[in-house]
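One-letter residues, chain by chain:
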Amino acid sequence: MISEQIHQALRPRTRSLAGSTALVTGASSGIGLATAARLALEGCHLNLVARRKERLFELKQELLNLNPGIQIRTFALDLTNADATARLIDDGGLAVDILINNAGLARGLTTVIHSSSADWEEMINTNVNAAFRMSREAAIHMSNNGGGDIVVLSSVAAHIAYENGAVYCASKHALRAFHEALRLETISQNIRIMMLSPGMVETEFSLVRFEGDSERAKNVYKGVDTLDAGDVAESLLFALKQSRHINIDDLIIKPRQQGNPWRVHRDNA
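Keep in mind that this is a model prediction, so the values were computed, not measured.

A.B. asks: Can you walk me through the overall build of the chain in this structure?
C.D. replies: Assigned secondary structure in the chain consists of nine helices and seven strands. Its C-alpha radius of gyration of 19 Å places the chain within 12% of the 18 Å reference for a compact globule of 269 residues. Projected onto the principal axes, the alpha-carbon positions of the chain cover approximately 60 × 50 × 40 Å. Within the chain, buried positions represent 45% of all 269 residues.

A.B. asks: What should I look at first to understand the pairing of strand β4 (residues 98-101) in this one?
C.D. replies: Consecutive side chains along a regular strand alternate between the two faces of the sheet. Residues I98 and I100 of β4 are buried on one face, and the alternating residues L99 and N101, pointing to the opposite face, are buried as well. The pairing of β4 with strand β5 (residues 148-153) spans four bridges and is parallel. Paired with I98 across the two strands is D149, which belongs to β5. Taken together, β4, helix α5 (residues 117-144) and β5 form a β-α-β motif whose crossover is right-handed.

A.B. asks: Would you take a moment to explain the sheet that holds strand β1 (residues 21-25) for this structure?
C.D. replies: In a beta sheet, neighbouring strands are held together by backbone hydrogen bonds and run either parallel or antiparallel to one another. Strand order across the open sheet formed by seven strands is β3-β2-β1-β4-β5-β6-β7, with parallel pairing between neighbours. Across the chains shown, the open sheet's two edge strands, defined by having one partner strand only, are β3 (72-76) and β7 (250-253). Looking at each pair of strands side by side, their axes are set apart by 15 degrees on average, direction ignored. Here six bridges tie β5 to strand β6 (residues 191-198), and the two strands are oriented parallel to one another. Considered in β6, the bridge of L153 is made with L196. Seen against the sheet, helix α9 (residues 229-240) touches β4, β5, β6 and β7 and runs at an angle of roughly 155 degrees to β6.

A.B. asks: Mind showing me how you'd approach the packing of helix α2 (residues 30-42) against helix α3 (residues 53-66) here?
C.D. replies: Between two packed helices, both the angle of their axes relative to each other and the distance between the axes serve to describe the pair. In the contact formed by α2 and α3, the axes pass within 9 Å of each other and the chain directions differ by 30 degrees. Classified by the angle their axes make, α2 and α3 are roughly parallel. For the crossing formed where α2 meets α3, the hand is right-handed. Counting all contacts with α2, which are made through L33, A36, A37, A40 and L41, the residues of α3 involved are R55, L59, L63 and L66. Here the residues of the contact of α2 with α3 are counted per class, giving eight nonpolar, no polar and one charged.

A.B. asks: Before we go on, may I ask you to explain the environment of N81 in this structure?
C.D. replies: Summarising the element assignment, N81 is placed in the loop between β3 and α4 (82-90). Sequence separation of N81 and N129 is 48 residues, and the distance between their C-alpha atoms is 9.3 Å. Within the structure, N81 has its side chain in polar contact with the backbone nitrogen of D83 (distance 2.8 Å).

How each quantity is defined
Residues numbered from 1 in each chain as written. Predicted model: local features only at pLDDT ≥ 70, side-chain atom pairs only at ≥ 80, totals over all residues. Heavy atoms only, no water. Helix = DSSP H or I, 4+ residues; strand = E, 2+ residues; numbered from the N terminus. Rg over C-alpha atoms; globule rule 2.2 N^0.38 Å. Buried < 20%, exposed > 50% of the residue type's maximum accessible area, 1.4 Å probe, protein only. Pairing = 2+ DSSP bridges. Right-handed = clockwise from strand over helix to strand, strands pointing away. Axes fitted to C-alpha atoms, helices over the stretch in contact; angles between N-to-C directions. Contact = heavy atoms within 4.5 Å. Parallel < 35°, antiparallel > 145°, perpendicular 65-115°, else oblique. Left-handed = near helix turned anticlockwise from the far one by under 90°. Nonpolar A, V, L, I, M, F, W, Y, C, P; charged D, E, K, R; others polar. Polar contact = N/O pair within 3.5 Å; in protein donor to acceptor, adjacent residues only side chain to side chain.

Next up, the structure:
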């Protein structure tokens, strides 16, 4: 009896992703790029979406060097434009087994009173409207084709708000609520809907938030052994490779030195 339990406990748990087709948004840098690289190594065919056409071309060549046996399609699109999503559907870009709903950004770090309406609109259009559309269209395809996986890149800001980031935090709370509801609505359709909520990840995120101010962006991570894009990509692969009866609803991942968005221990500080 005990030997049977040991055998059951030690049986292989993870599954192969080889031969699956994955769509990655925001694929030209950061977590999107790192995830695309990990999926390529796993043998996934890739549909890569980003605004920067040249970066996508370069990424495609590098990933094909990494794994010549996969197929890669690139789509240089701005997903905040609803017509871009329609074009992606028409081109078969959303006919996938896996959606990595990654594209998102923050603009500014200031109080509500002093914040910019243009920044609000950009964050809401990217983090909310575009992300909602992508998940809806992927869910439609997956519900008609026997299932699939939707993985959403969110943030610790989806769980706890912080001052000077009201709209960004609100957009991530909306992302979380939307996908919790979508998970309930698709629970009988073999669709897994999973979320990753990283804390401090040193990518282009802060550079974008501070409009290219590299010194200010660098100071965000000063004295902290932060996560990098590969750490998050590895966690994402962990979630995807679990047996299909397992759904990682939300995986919060932070550097050891970060307790919450504002409680951070900095070395030599």
